[in-house]
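Architecture at a glance
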Amino acid sequence: MRTYSILKKPLLTEKSLIERDTKNRYGFVVAKDASKGEIKTAVEKIFNVTVTKITTIAVRGKMHRMGRFVGKRPDYKKAFVTLKEGEKIDVVETTAK
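The paragraphs below set out a description of the structure included in this document. Keep in mind it's a predicted model, so treat the numbers as computed, not measured. (Residues numbered from 1 in each chain as written. Predicted model: local features only at pLDDT ≥ 70, side-chain atom pairs only at ≥ 80, totals over all residues. Heavy atoms only, no water.)

As a further point, take the environment of Arg65. One can find Arg65 in strand E4 (residues 63-66). Classification of Arg65 by relative accessible area gives exposed; the value is 60%. A polar contact is formed between the side chain of Arg65 and the backbone oxygen of Gly67, at a distance of 2.9 Å. (Helix = DSSP H or I, 4+ residues; strand = E, 2+ residues; numbered from the N terminus. Buried < 20%, exposed > 50% of the residue type's maximum accessible area, 1.4 Å probe, protein only. Polar contact = N/O pair within 3.5 Å; in protein donor to acceptor, adjacent residues only side chain to side chain.)

Following this line, the structure appears as structure tokens:
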């Protein structure tokens, strides 16, 4: 699998932003068939950091309804990556106004 096709996008939820600041832990939406080893090498190559721990979660899409039409949101996989102490990733900086 190619390095840049493993990481789809950063996970920018309120909880992940708090964990980024307190636990040095970053969340990403990754390819469904990516393993922990592939995720680790992709993060280390792209961002030039050292990964100490990876936790992955497979999320099932919810059923979704609009009037009489029923659909399903897509399934996806999340990965939470803990970095070595003192290192950080500049994914997206948020500013409060």
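The rest of the description comes next.
This brings us to the environment of Val81. Its place among the elements puts Val81 in strand E6 (residues 76-83). As for Val81 and Val51, which are separated by 30 residues in sequence, their C-alpha atoms are 6.8 Å apart. Apart from the residues lying within four places of it in its own chain, the contact partners of Val81 are Asn24, Arg25, Tyr26, Phe28, Ile39, Val43, Val51, Lys53 and Ile54. (Contact = heavy atoms within 4.5 Å.)

Further remarks concern the sheet that holds strand E3 (residues 51-59). On the basis of which strands lie adjacent, the open sheet formed by four strands has the order E1-E2-E6-E3 and antiparallel pairing. At either margin of the open sheet sits one strand with a lone partner, and together these are strand E1 (7-10) and E3. On average, each strand axis in the sheet is tilted by 30° relative to the strand beside it, whichever way the strands run. One ladder, built from three bridges, connects E1 with strand E2 (residues 25-30); its direction is antiparallel. From the neighbouring strand, Lys9 faces E2, where its bridge partner is Val29. Those strands touched by helix H3 (residues 36-47) are E1, E2, E3 and E6, and its axis lies near 125° from that of E3. (Pairing = 2+ DSSP bridges. Axes fitted to C-alpha atoms, helices over the stretch in contact; angles between N-to-C directions.)

Turning our attention to unusual backbone geometry. One non-glycine residue with positive phi stands out, namely Asn24, at about 55°. Here Asn24 shows up in the loop between helix H2 (14-22) and E2. Backbone geometry places Asn48, a non-glycine residue, at a positive phi of 55°. For Asn48, the position within the fold is in the loop between H3 and E3.

Core analysis: the largest hydrophobic core is formed by 17 residues, its most contacted members being Phe28, Ile39, Val43, Val81, Leu83 and Ile89. Put simply, the parts of the chain that give this core at least two residues each are E2, H3, E3 and E6. Leaving out residues up to four positions away in the same chain, Val43 has contacts with Leu7, Phe28, Asn48, Val49, Val51, Val81 and Ile89. (Core = buried A, V, L, I, M, F, W, Y, C linked by side-chain atoms within 4.5 Å.)

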